[in-house]
Amino acid sequence: QSLSESSGHAGSIDISSASLTIDGRGAGDTDKKHLKAFIRSEVVRDNGRAGDITLKGKAGNSHSNNVWIVDKGSISTTGEGGEISVFARNLFIDGEGRMEILRDPDTGEPLTELVPAFTGISTRVSKTGTGIGGNITINGNNGTIWIQQGGIIDAGTQSQYNGSSGGSISVR
C-alpha cells in the first residue's frame, strides 16, 4: 500500500512477477475494521495524485502468466490520476458472489443493506477530491480475461465537485 494522508502525492507501486494472486478469502469483520487483500495507492485527505500501479512479468518477460483477483481482492487507486496497468496473459477476476454491508469508515456503523463485495480493479476520485481519475490498461497479449460473479473493472468518480470525471478503461 502507498498512502498519503496530507496534501502530498502517494507513491507508485511496480510489481514484477511470473504470477500473482490477490485473494481476500477469510477477510472478515474484526473490531469494525474490514480486512482485505489488496494492492492500493491512495490519497486520503486533501487533493493529491495517487501513485501509478504497474504489474508485469519478471525480467525478460513483459507479461505475467496468470493474475488472479478473487473474493474481495483488489488493485486500486484513489485520488487524482493514479493509473493502473496490468500486463498478464490471463486475468481472472472472480467476486465469487460475495455480499457485504458497507460501513461508515469512522464509526463502523452500517450504511447500507447487503451489496456485492468489491473484487477487481478500480481507479477513483474520492468524494472530496477534484480532477480526473486514473486510467486502467489491461494488456492480455492474446490471452484470456475472465470477469465473473460480481468481478469488476471500474474507472469512476465519487467527487461532489463539478469538473471531476472518471478515467478510461482499455483492454488489449
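Residues numbered from 1 in each chain as written. Predicted model: local features only at pLDDT ≥ 70, side-chain atom pairs only at ≥ 80, totals over all residues. Heavy atoms only, no water.

A. View of the pattern of salt bridges. Under the counting rule described, the total for this entry stands at three salt bridges. In this structure, the salt-bridge partner of Arg 40 is Glu 42, at a minimum N-O distance of 3.3 Å. Arg 40 sits in the partly exposed class, given a relative accessible area of 24%. Assessed through its relative accessible area of 18%, Glu 42 is described here as buried. The salt bridge involving Arg 124 is made with Asp 154; its shortest N-O contact spans 1.9 Å. With Arg 124 in strand β13 (residues 119-125) and Asp 154 in strand β16 (residues 151-157), this pair connects stretches of sequence that are 30 residues apart. (Salt bridge = Lys/Arg side-chain N within 4 Å of Asp/Glu carboxyl O. Buried < 20%, exposed > 50% of the residue type's maximum accessible area, 1.4 Å probe, protein only. Helix = DSSP H or I, 4+ residues; strand = E, 2+ residues; numbered from the N terminus.)

B. Expanded view of the pairing of strand β12 (residues 110-116). Burial within β12 is sparse, with just zero of its seven residues counted as buried. Pairing geometry for strand β11 (residues 99-103) and β12, over four bridges, is antiparallel. Bridge assignment links Ile 101 to a residue of β12, and that residue is Leu 114. Where β11 folds back onto β12 in an antiparallel hairpin, the turn is made up of six residues, including Gly 108, whose phi is positive at roughly 80°. (Pairing = 2+ DSSP bridges.)

C. Summary view of unusual backbone geometry. Not every positive phi belongs to a glycine, and Asp 71 is a case in point at roughly 45°. Mapped onto the fold, Asp 71 is located in the loop between β8 (64-70) and β9 (74-78). In this structure Asp 71 comes out as buried when scored by relative accessible area, which is 4%. We note that Asn 142 has phi near 60°; this positive angle belongs to a residue other than glycine. With respect to the helices and strands, the residue Asn 142 is situated in the loop between β14 (136-139) and β15 (144-148). The exposure class assigned to Asn 142 is exposed, which follows from its relative accessible area of 80%.

D. Representation of the packing of aromatic side chains within the structure. Using the criterion set out here, one finds two aromatic pairs in the structure. Centre to centre, the rings of Trp 68 and Phe 92 are 3.9 Å apart; their planes meet at 15°, and the pair counts as stacked. Here Trp 68, found in strand β8, pairs with Phe 92, found in strand β10 (residues 84-94); they are 24 residues apart in sequence, far enough to count as distant. Phe 92 gets classed as buried once you look at its relative accessible area, which sits at 12%. Residues Phe 92 and Trp 146 carry aromatic rings whose centres are separated by 4.4 Å and whose planes lie at 10° to one another, so their mutual orientation is stacked. Placement of the pair is Phe 92 in strand β10 and Trp 146 in strand β15, with a sequence separation of 54 residues. With a relative accessible area of 40%, Trp 146 lands in the partly exposed category. Counting every residue linked through ring pairs, the aromatic cluster contains Trp 68, Phe 92 and Trp 146. (Phe/Tyr/Trp six-rings, centres within 6.5 Å; stacked < 30°, edge-to-face > 60°.)

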